[in-house]
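# Notes for the structure review
So you can see what is in the structure, the chains are spelled out below.
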Amino acid sequence: SSAASDVYKRQIDENKLHDILKVVMIMKKKCALYASKLVKDGMVVGLGGGSTIQYLIDYVKDKDIQVVTPSAKTALKAQKEGLTVLNTQYVDVMR
């Protein structure tokens, strides 16, 4: 029947979407891992608010760095993971 066919097609589309999203998440984690290798102890690191940054925080949480970010979500995650978050108004130079 047409209704059964539509349900089947929708299931296939949902499975494809799930697979695509899984690949995107893996790519974001790989990007975050690569970026984490560029972060060295003593740095002040500017972080945005995207989902890749959330993965990056997981990779750099044990480094001796300070974070500056305009994102409340990123600031909360960084603080939760033990990173020092600086107020953006007091940071004039990134090193």
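Summarised in this report is the structure supplied together with it. Since this is a predicted model, take the numbers as computed values, not measurements. (Residues numbered from 1 in each chain as written. Predicted model: local features only at pLDDT ≥ 70, side-chain atom pairs only at ≥ 80, totals over all residues. Heavy atoms only, no water.)

### What to know about the packing of helix H2 (residues 51-60) against helix H3 (residues 72-80)
The following threshold applies: Orientation is described by lines fitted to C-alpha atoms, with helices fitted over the stretch in contact, and by angles between N-to-C directions that extend from 0 to 180 degrees. Runs of H or I in DSSP of at least four residues are treated as helices and runs of E of at least two as strands, each being numbered from the N terminus. Convention used here: angles under 35 degrees read as roughly parallel, angles over 145 as roughly antiparallel, angles from 65 to 115 as roughly perpendicular, and any remaining angle as oblique. Crossing handedness is read from the near helix: turned anticlockwise from the far helix by less than a right angle, it gives a left-handed crossing, and turned clockwise, a right-handed one. We call two residues in contact whenever any of their non-hydrogen atoms come within 4.5 Å of each other. Put simply, Ala, Val, Leu, Ile, Met, Phe, Trp, Tyr, Cys and Pro go in the nonpolar bin, Asp, Glu, Lys and Arg in the charged bin, and everything else, Gly too, in the polar bin.
At a closest axis distance of 10 Å, the pairing of H2 and H3 adopts a crossing angle of 15°. When the axis of H2 is compared with that of H3, the two are roughly parallel. For the pair H2 and H3, the crossing hand works out as right-handed. Residues Ile 53, Gln 54, Ile 57 and Asp 58 of H2 lie in contact with H3, whose contacting residues are Lys 73, Thr 74, Lys 77 and Ala 78. For the contact of H2 with H3, the residue count by class is three nonpolar, two polar and three charged.

### Considering H3
Stated formally: To sort residues, take the accessible area from a 1.4 Å probe on protein chains only and compare it with the maximum for the residue type: under 20% means buried, over 50% means exposed, and anything in between is partly exposed. The arc in question is the one traced by the directions running from the helix axis out to the C-beta atoms. Polar contact is defined as a pair of N or O atoms within 3.5 Å, subject to the rule that within protein one atom must be able to donate a hydrogen and the other to accept it, and that residues adjacent in sequence are counted only when both atoms are side-chain atoms.
Here H3 has its buried residues at Thr 74, Ala 75, Lys 77 and Ala 78. Along the axis of H3, the buried residues cluster in a sector spanning 165°; they form a single face. In H3, those exposed residues whose orientation departs by more than 90 degrees from the buried face are Ala 72, Lys 73, Leu 76 and Lys 80. Its buried side turned inward, H3 meets H2 and strand E3 (84-86). Put simply, Ser 71 is the residue that caps the front of H3, since its side-chain oxygen is 3.4 Å from the backbone nitrogen of Lys 73. Gly 82 sits one or two residues past H3 and shows a positive phi near 95°.

Remember, this is a structural readout, not a statement about activity or role.
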